[in-house]
Each structure stands twice: as C-alpha cells, then as structure tokens.
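Take a look at the letters that make up each chain.
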Protein chains: 4
Amino acid sequence: MARRYDPDRRQRLIEAAIRVVGEHGIDGLTHRRVAAEADVPLGSTTYHFASRDDLLHAALRQTGKEWLAGAELWERSIDPGVPFVDELVRLLQESLSGDRRRARLEYELYLAALRHHALRPQAAECLDGLATLLRRRTPDDATARALAALLDGLMLQFLLTDREAGSQEIRGMLTGILGAAQVVTPGR
Amino acid sequence: MARRYDPDRRQRLIEAAIRVVGEHGIDGLTHRRVAAEADVPLGSTTYHFASRDDLLHAALRQTGKEWLAGAELWERSIDPGVPFVDELVRLLQESLSGDRRRARLEYELYLAALRHHALRPQAAECLDGLATLLRRRTPDDATARALAALLDGLMLQFLLTDREAGSQEIRGMLTGILGAAQVVTPGR
Amino acid sequence: MARRYDPDRRQRLIEAAIRVVGEHGIDGLTHRRVAAEADVPLGSTTYHFASRDDLLHAALRQTGKEWLAGAELWERSIDPGVPFVDELVRLLQESLSGDRRRARLEYELYLAALRHHALRPQAAECLDGLATLLRRRTPDDATARALAALLDGLMLQFLLTDREAGSQEIRGMLTGILGAAQVVTPGR
Amino acid sequence: MARRYDPDRRQRLIEAAIRVVGEHGIDGLTHRRVAAEADVPLGSTTYHFASRDDLLHAALRQTGKEWLAGAELWERSIDPGVPFVDELVRLLQESLSGDRRRARLEYELYLAALRHHALRPQAAECLDGLATLLRRRTPDDATARALAALLDGLMLQFLLTDREAGSQEIRGMLTGILGAAQVVTPGR
DNA sequence: GATGAATGAGAATTCATTCAT
DNA sequence: TATGAATGAATTCTCATTCAT
C-alpha cells in the first residue's frame with residue numbers, strides 16, 4: 001500500500017498536476033485532486049509542494065520545457081529546400097491537429113502569467129526560447145520576436161474560435177501578413 | 001434596508017464583476033465579492049446571475065463590447081496621410097501605456113474562452129470584429145485575420161514579459177514582420 | 001404569455017406538485033420547482049399556496065383521494081366466485097407491477113405523516129377508508145384494520161427491497177399469515 | 001481550541017446524526033446541525049462524512065443494528081408457555097408505549113429507503129433480520145416474511161394515526177388476521 | 001388579483017493549510 | 001520523513017418568503 005521509498009514521487013506529482021490542469025483548468029488545480037490523480041496521500045502533496053502556487057509553478061516549468069523541446073525538434077527538422085513559410089504552416093498545423101487539449105493546456109498555463117507575476121519569468125523564458133530559435137531564420141531580433149508573437153496570435157485564434165486549421169488557410173494568413181509591408185500602406 | 005427598487009442593479013452588478021476580475025482575476029470572481037463591490041446583498045447577485053458562469057459571460061460581453069468600441073474609435077481616427085504601420089504602433093502603444101491593468105483584464109476575460117467553451121462565441125465576436133475593422137486596410141480577409149492575430153500576439157508579449165513598449169521597438173517589430181515575405185525565405 | 005384568466009391554476013399547481021414529489025421527493029418539493037413544472041410564475045405558487053406545507057398538504061390530499069378511488073374500484077370489481085385471497089393478490093400485484101414510481105410516490109406522501117403531525121388526519125383518512133372497504137369482507141373491524149396493516153406492510157416490503165412481486169409469492173405470504181392462527185401457537 | 005486528538009469522533013457524529021434526525025426529521029439532517037449537536041467544528045463532519053448521504057447511511061446502519069438487537073432480545077425472552085400471539089402483542093406494545101419518538105425515528109430512517117436507492121440494502125437487512133427471527137416460530141419463510149410485514153403495518157398504523165395501542169386492541173387485530181384464513185373466504 | 005424583484009438565511013461542498021503522531 | 005486528521009474559511013447555489021408595483 002504505502003510506498004515507503006519513492007524517490008520519483010515529486011516528479012510524478014508534477015505530471016499529475018499537469019493532468020489535473022488539463023482536466024479541470026488552473027482553477028481546478030488543488031492538492032486533493034493531484035493527490036488523487038497521482039494516487040498518493042493528501043499529506044504527500046502538501047509536503048512536496050507547500051502551496052498551490054508551488055504546484056502551478058512546477059507545472060508551468062514542466063510544460064514550458066516540453067513545449068520548447070518540441071519547438072526545437074521542429075526547428076532542427078526544417079528542410080532548407082522548402083519555403084520557410086511552409087515549415088511554419090507545418091508547425092502550426094501539427095500543434096492544432098488531432099485533439100487540441102494539449103495545446104490548450106500549454107496556453108492556459110503560459111497565459112496564467114498574465115495575472116500571476118511570479119509566473120512571468122517562466123513565460124518569458126518560453127517566449128524568448130522560441131524567438132531565439134526563430135532568430136536563425138530572421139534578419140534581426142525584432143522580426144524574430146514579432147514572428148513569435150504572430151505564431152502565438154494565430155494559435156490562439158484557432159484555439160479560441162474552434163475553427164479548423166487547414167493548411168491552405170494557414171498558409172494564406174501567413175503569406176498575407178508576411179508580405180504585407182507594401183499592402184497596408186497603399187499610399188506609399 | 002437597501003433600495004427595494006433598483007432598476008439598474010443588473011448593469012451595476014456587471015460593472016462590479018468586471019472590477020472584481022480586474023482585482024482578483026477570473027478565479028477570484030465570486031458572487032460574494034461582486035455583492036460586496038456593488039454593495040448589494042449576496043442573494044441579489046445570485047438572483048440576477050444564477051451561476052458564476054453567467055457572471056463571467058456578462059463580464060466578457062461587456063468588456064468585449066467596450067474594447068471593440070475603442071478599436072472602432074481608433075479606426076475612425078486613422079489619418080490617411082500617415083503610414084498605416086504608424087497607426088498600428090499608436091494603437092498598441094495606447095493600449096500598453098499607463099497602467100496595463102485594463103489591458104490585462106480584457107485579455108484575461110478574452111482568453112478565458114480557451115477553457116470555457118461557452119465563452120468562445122463571445123471571444124470569436126471580438127476577434128472577428130477587429131478583423132472586420134482591419135479588413136478596410138488589407139487586401140484580403142486572410143491578411144486581416146493574420147493582422148489581428150499579430151496584434152494579439154504582440155499585446156500578449158508585452159503583457160506577459162512586463163517589458164516596456166517603446167514606439168521605436170514596436171515599430172521595428174511591425175515593420176520586420178510585415179515586410180518579412182522576402183526575408184524569411186532568402187533563398188527564393 | 002401571461003394567462004390573465006386561469007381558473008384551474010390551483011388544480012394544475014397541485015398536479016405539478018405531485019409530479020415534483022415524484023421526481024425529487026418530498027424534500028425536493030419547492031415553490032420554484034412547482035412553478036417551473038406548471039409553467040407558471042413563481043409568485044403564482046406562493047400566492048395560491050402561501051407555504052411549502054400547504055403544497056404538501058394539497059398533494060397528499062389529492063393522491064390519497066385518487067388512491068382510495070382506485071381501491072374502491074378494486075373492491076367493486078371483486079368476483080364473489082373467486083377466493084378473496086386471490087383478489088388481494090390481484091390488488092397487490094397490480095400496484096407493484098410496471099414501474100413502481102406511482103406506488104412509491106403515494107407511500108412517500110402517506111408516510112410523511114409519520115413526522116408531520118398536520119398530515120396525520122389525511123393519512124388516517126386513507127387508512128380508515130381502506131379498512132372500511134375491507135370491512136365488507138371481514139368478520140369484524142379489528143380484522144379489517146389488521147388486513148389493511150398487512151397490505152401496507154407487504155407493499156412496503158416489496159417497495160423497500162426492490163424484490164419482484166410474483167403472484168405465487170404474494171399468495172404464499174398471504175395464505176401463510178391468514179391461516180397462521182394455529183400454526184404460530186403450535187402448543188395449543 | 002477543541003481536542004486535536006479525538007479517536008471516537010466518528011461514532012459520536014453518528015449518534016449526533018441520529019439525534020438530529022429524531023429532532024428535525026431526515027430532511028433536517030444537515031452537516032451543520034450534526035456539528036452543533038456533537039459540538040465539533042463544521043469541517044469535521046464533512047471530513048468524516050463527505051456527503052449528506054453518507055451521514056444518512058451511517059445513521060440508518062446504526063439504528064437498524066440497534067433495532068435488530070432489540071428484536072433479538074425480545075425473541076430470546078419469549079416464554080414458551082405463553083401463546084405466541086401474546087408475545088407479539090408485548091413486542092408491539094413495548095415499542096409503542098411511552099413516547100414514540102424512538103419508534104418514529106427508526107421508521108423514518110427505515111422508510112427513507114423508499115426514495116433513496118442506496119439505503120435499500122440496509123433496509124432489506126433489517127427486514128430480513130426480523131424475518132429470520134420470526135422464522136423460528138413460523139412453519140415457513142413466506143409466513144415469517146408476511147408476519148414481519150404485518151408487524152410493520154401495525155406499527156405504522158399506530159404511529160400514523162396517533163391512536164393508543166391498548167393490548168386488548170392489538171390482540172384483537174392480531175388474532176383477527178392470523179385466524180382469518182377461513183373467515184375471508186366464507187363461501188369456501 | 002398577480003407577479004417579478006429582492007433578500008437573508010442556510011444548504012452541501014471543497015479547500016489550503018496546520019498539526020500531532 | 002510522511003501522513004491522516006482536523007479545522008475554519010470560503011464557495012456556489014437554492015430557497016421560503018416578503019414586498020412594491
């Protein structure tokens with residue numbers, strides 16, 4: 001019954017916490033639910049994570065790391081012979097295909113920094129990590145950061161509206177905006 | 001004790017709810033706090049808004065409407081003699097200057113749709129409203145929607161990282177991305 | 001929309017109240033639910049039935065009356081050529097066949113008199129009504145009342161245990177007890 | 001403030017719950033009242049009995065056990081030299097003498113199974129327990145169960161109508177019904 | 001007469017956290 | 001070190017009832 005010696009418990013609790021957020025949202029993250037999800041006594045969760053915020057923190061750190069790892073994988077798999085825009089389309093489409101629960105979960109944790117100051121460094125790290133990756137394909141830092149913002153905005157647009165993310169559609173949006181310099185200032 | 005007759009109470013409750021979200025976040029939106037904020041009995045809030053979700057709904061509807069009105073104001077004030085990019089810079093800077101609490105509040109409600117299905121139509125309305133406005137300045141729908149996504153992404157980037165939003169910096173990001181068509185696929 | 005003139009509303013409310021008790025139990029009988037069930041404004045239920053107890057009262061009065069009417073129908077349909085025990089079996093079986101919700105509802109209201117003094121006269125009326133009917137087939141009042149008790153006890157036994165009420169089984173129980181005089185005092 | 005260590009608390013809560021039902025009825029069984037009755041903090045009742053149903057369950061289990069123990073005591077005290085009917089009269093009269101609050105309480109909990117499915121096994125256990133006891137004095141199972149039903153019905157009749165339960169009267173009813181085999185089918 | 005609004009009380013639950021063991 | 005028990009605060013929600021219209 002009682003796992004007297006259980007060195008990975010902390011990690012297992014983090015993973016349980018992430019599943020709990022996925023299921024019940026950030027508001028629904030409680031010691032009790034994590035304990036139940038990890039099949040561990042309640043006291044154990046409060047022992048390893050004294051406060052609810054500690055749990056939240058650890059959850060964001062973990063998903064952020066995993067998400068960034070995924071982005072790096074994408075970056076390393078880029079085919080130089082393929083237009084970069086198409087690689088961006090692939091990134092977005094992969095994130096939005098299948099059930100979107102994972103993407104929603106990641107964004108929910110990431111955006112929680114909007115309110116919780118303590119999470120902002122964590123969120124910034126994700127953002128900067130992506131920008132750094134993108135920087136290898138952009139002429140300057142500003143463009144890389146803007147591209148990161150665009151990707152976030154597009155992801156959210158699909159997640160918020162529940163619209164299908166067809167590759168033609170994504171492609172249209174990306175090419176539209178990326179080549180928009182002349183367009184939006186027609187008077188020029 | 002209090003007014004037995006109070007025809008505007010419902011609206012006052014909505015405004016109180018928005019202030020509560022601003023102060024305590026969405027998780028902190030409770031009937032009790034709204035009652036206290038609006039100075040009405042607790043039962044009155046549950047009478048007008050049977051569930052917490054009803055309250056949340058009304059709050060998003062209201063801020064969404066106000067935000068869209070602000071965007072329209074901006075659009076109507078656009079000076080055709082000024083490069084459109086600069087008008088976009090102005091929009092972002094105005095939203096991010098001063099204390100950012102209002103912007104955070106609006107985004108928090110807007111992004112709540114990520115988890116709460118019921119709010120998605122509301123969020124989509126905001127998004128589409130902005131895209132419609134922008135459409136007057138873009139060659140096609142896709143570009144308008146992409147531009148809306150970009151603006152969201154940029155707003156979030158500043159809000160999440162707590163970075164200053166200088167007009168030069170914003171300008172750099174916008175011009176970088178808008179003219180990025182050639183750049184990101186240098187080989188072409 | 002508003003039924004300005006609606007003379008049968010009181011009766012419709014009673015019937016709605018009975019349905020509510022059937023669905024939610026006596027504890028679940030509330031003005032609100034009755035209003036919803038009868039599709040009538042809340043204020044209308046409190047107007048016609050000032051208190052919850054009034055509603056409960058009316059509901060018991062009505063089901064008691066209907067139940068007694070059913071019993072009388074049974075009594076009048078008794079075939080003199082058939083052993084009376086078989087007619088009792090028929091009565092029980094009919095009450096327990098199909099879904100037992102109606103029977104449960106009637107007993108729930110009837111037994112509420114156990115706690116609510118005010119309902120006792122009503123319950124006594126049902127009991128005495130049945131005893132009076134049975135009296136036509138028993139040698140004296142005491143036997144009639146005892147038979148009424150037996151029938152109640154048997155009904156409850158089947159309702160409480162959820163057991164099937166086969167006619168052979170009921171018959172066995174009835175004949176066992178009715179001829180038990182000699183048996184239970186074997187020494188006599 | 002109160003005892004941090006209190007090993008019998010659970011049991012004390014059950015007893016408090018039974019007193020609360022006795023005082024306020026099943027509908028009146030609330031965590032709050034139990035807490036007050038047992039003089040423990042509200043949170044303690046919800047800790048030990050997460051839901052109102054758990055409380056109800058425990059209360060019925062306890063009274064059922066006690067009631068059955070009483071019945072066994074009666075059975076063991078039966079005098080073989082006395083007609084069994086008189087022993088039945090004694091059982092009923094003892095249960096109905098003095099204040100009938102205990103009897104009402106027991107029946108209220110027992111009959112709650114009518115609505116609450118989850119309580120039915122508990123109620124069935126009481127019923128079967130009594131039938132088993134009676135079986136030692138009846139020729140077959142059916143008669144034992146019918147006798148149990150008769151006793152229930154008689155108890156309820158007195159409890160519902162508030163009539164005095166004189167021993168002559170009870171005796172008359174019992175002998176009437178037990179010897180009714182010939183009577184109710186006079187034509188036979 | 002009829003009714004929508006209002007109100008205050010109280011319901012079940014859930015919880016973070018503390019503490020004795 | 002780990003943990004079950006305990007606690008007090010807060011949550012949503014439902015309600016009977018009252019009252020102004």
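Above: the structure in question.
Source: prediction; values computed, not measured. (Residues numbered from 1 in each chain as written. Chains lettered and ligands numbered in written order. Predicted model: local features only at pLDDT ≥ 70, side-chain atom pairs only at ≥ 80, totals over all residues. Heavy atoms only, no water.)

Things to note about the relation of the copies chain C and chain D
- The two copies are related by a screw operation: chain C maps onto chain D through 180° of rotation and 0.1 Å of translation along the axis, at an RMSD of 0.1 Å. Interpreted geometrically, this transformation is the action of a two-fold axis. (Least-squares fit on C-alpha atoms with pLDDT ≥ 70 in both.)

Thoughts on the interface of chain C and chain D
- Facing the 56 residues of chain C at the interface are 56 residues of chain D.
- Both sides of the chain C and chain D interface together cover about 4,800 Å² of buried area, and 64% of this is carbon and sulfur.
- When the area that chain C buries against chain D is broken down by residue, the three leading residues are L114, R115 and L160 of chain C, summing to 17%.
- For the interface between chain C and chain D, the tally reads 9 salt bridges.
- Across the salt bridge formed by R52 of chain D and D27 of chain C, the nearest N and O atoms sit 3.9 Å from each other.
- Linking chain C with chain D are 16 residue pairs in polar contact (both at pLDDT 80 or more), by the criterion used here.
- Among the elements of the structure, helix 1 (9–24), helix 5 (84–96), helix 6 (101–111), helix 7 (120–135), helix 8 (141–161), helix 9 (167–178) and helix 10 (180–184) of chain C are those that each provide at least two residues to the side of chain C that touches chain D.
- The element contributing the most residues to the side of chain C that touches chain D is helix 8 of chain C, with 16 residues.
- Within the side of chain C that touches chain D, the residues separate by chemical class into 31 nonpolar, 11 polar and 14 charged. (Contact = heavy atoms within 4.5 Å. Buried area = accessible area lost by both parts, 1.4 Å probe. Salt bridge = Lys/Arg side-chain N within 4 Å of Asp/Glu carboxyl O. Polar contact = N/O pair within 3.5 Å; in protein donor to acceptor, adjacent residues only side chain to side chain. Helix = DSSP H or I, 4+ residues; strand = E, 2+ residues; numbered from the N terminus. Nonpolar A, V, L, I, M, F, W, Y, C, P; charged D, E, K, R; others polar.)

Some details on the protein's contact with DNA strand F
- Around DNA strand F sit 35 residues, and of these P41 of chain A, R32 and S51 of chain B together with R9 and H48 of chain D come closest.
- Each atom of DNA strand F within 4 Å of the protein was assigned to sugar, phosphate or base; sugar and phosphate come to 69%.
- Between Y47 of chain A and DNA strand F, the recorded distance is 3.0 Å, taken from a side-chain N or O atom to a sugar or linking oxygen.
- One of the backbone nitrogen or oxygen atoms of H31 of chain B is found 3.3 Å away from a phosphate oxygen of DNA strand F.
- For the surface near DNA strand F, the elements supplying multiple residues, two or more each, are helix 3 (42–48) of chain A, helix 2 (31–38) and helix 3 (42–48) of chain B, helix 2 (31–38) and helix 3 (42–48) of chain C together with helix 3 (42–48) of chain D.
- Residues of the surface near DNA strand F, tallied by class, amount to 11 nonpolar, 13 polar and 11 charged. (Near = heavy atom within 4 Å.)

A word on the interface of chain A and chain B
- In this assembly, 58 residues from chain A lie in contact with 55 residues from chain B.
- Taken together, both faces of the contact between chain A and chain B bury some 4,800 Å²; the carbon and sulfur share is 64%.
- When the buried surface of chain A facing chain B is broken down by residue, L114, R115 and L160 of chain A rank first, second and third, together holding 17% of it.
- The interface formed by chain A and chain B holds 9 salt bridges in total.
- Of the charged contacts, one joins D162 of chain B and R120 of chain A as a salt bridge, the two residues approaching to 2.8 Å between their closest N and O atoms.
- Counting across the interface, chain A meets chain B through 16 residue pairs in polar contact (both at pLDDT 80 or more).

With respect to the protein's contact with DNA strand E
- The local shell around DNA strand E holds 35 residues, among which R9 and H48 of chain B, P41 and Y47 of chain C together with R32 of chain D are the closest.
- Put simply, 71% of the atoms of DNA strand E that lie within 4 Å of the protein are in sugar or phosphate.
- The separation between a phosphate oxygen of DNA strand E and a polar side-chain atom of R9 of chain B is 2.2 Å.
- Every element with two or more residues in the surface near DNA strand E is listed here: helix 2 (31–38) and helix 3 of chain A, helix 3 of chain B, helix 3 of chain C together with helix 2 (31–38) and helix 3 of chain D.
- Tallying contributions element by element places helix 3 of chain B first for the surface near DNA strand E, with 4 residues.
- A per-class count over the surface near DNA strand E returns 11 nonpolar, 13 polar and 11 charged.

Observations concerning the packing of aromatic side chains
- One pass over the structure, following the stated rule, counts 8 aromatic pairs over all chains.
- A ring pair is formed by Y107 of chain A and Y110 of chain A, whose centres lie 5.7 Å apart and whose planes are at 75°; its orientation type is edge-to-face. One end of the pair, Y107 of chain A, and the other, Y110 of chain A, are both in helix 6 (residues 101–111), 3 residues apart, so they sit about a helical turn from each other. Take Y107 of chain A and Y110 of chain A: they sit in the same class, and that class is buried.
- Between the aromatic rings of W74 of chain B and F84 of chain B, the centroid separation amounts to 6.2 Å while the plane-to-plane angle is 40°, which identifies the pairing as tilted. One end of the pair, W74 of chain B, is in helix 4 (residues 52–76); the other, F84 of chain B, is in helix 5 (residues 84–96), and 10 residues separate them in sequence. This pair shows no difference in class: W74 of chain B is buried, exactly as F84 of chain B is. (Phe/Tyr/Trp six-rings, centres within 6.5 Å; stacked < 30°, edge-to-face > 60°. Buried < 20%, exposed > 50% of the residue type's maximum accessible area, 1.4 Å probe, protein only.)

Quick word on the environment of R32 of chain D
- Of note, R32 of chain D is situated in helix 2.
- Here the alpha-carbon distance between R32 of chain D and A124 of chain D, two residues 92 residues apart in the chain, equals 29 Å.

What about the packing of helix 5 of chain C against helix 9 of chain C?
All names here are of chain C.
- The interhelical angle for the contact between helix 5 and helix 9, taken along N-to-C directions, is 130°, at an axis separation of 9 Å. Classified by the interaxial angle, the pair formed by helix 5 and helix 9 is oblique. For the element pair helix 5 and helix 9, the recorded crossing hand is right-handed. Residue-level inspection shows V85, D86, L88, V89, L92 and Q93 of helix 5 in contact with helix 9, the latter providing S167, I170, R171, L174, T175 and L178.
- Broken down by class, the residue content of the contact of helix 5 with helix 9 amounts to 7 nonpolar, 3 polar and 2 charged. (Axes fitted to C-alpha atoms, helices over the stretch in contact; angles between N-to-C directions. Parallel < 35°, antiparallel > 145°, perpendicular 65-115°, else oblique. Left-handed = near helix turned anticlockwise from the far one by under 90°.)

Observations concerning helix 2 of chain A
Residue and element names in this part refer to chain A.
- Of the positions making up helix 2, those classed as buried are H31, V34, A35 and A38. Looking straight down helix 2, one finds that the buried residues subtend no more than 100° of arc, so they occupy a single side. Exposed side chains of helix 2 directed beyond 90 degrees from the buried face belong to R32 and A36.
- The inward-facing, buried residues of helix 2 abut helix 1 (9–24), helix 3 and helix 4 (52–76).
- Looking one or two residues past helix 2, D39 carries a phi angle of roughly 55°, positive in sign. (Arc of directions from axis to C-beta.)

Description of the pattern of salt bridges
- What the rule picks out here adds up to 66 salt bridges over all chains.
- Notably, a salt bridge pairs R115 of chain D with E108 of chain C, separated by 2.8 Å at the nearest N-O pair. Note that R115 of chain D is positioned in the loop between helix 6 (101–111) and helix 7 (120–135) and E108 of chain C in helix 6, a pairing that runs across two chains.
- A salt bridge links R135 of chain D to D141 of chain D; the nearest nitrogen and oxygen atoms lie 2.6 Å apart.
- Via salt bridges that share partners, E66, R102 and E106 of chain A belong to a single interconnected network.

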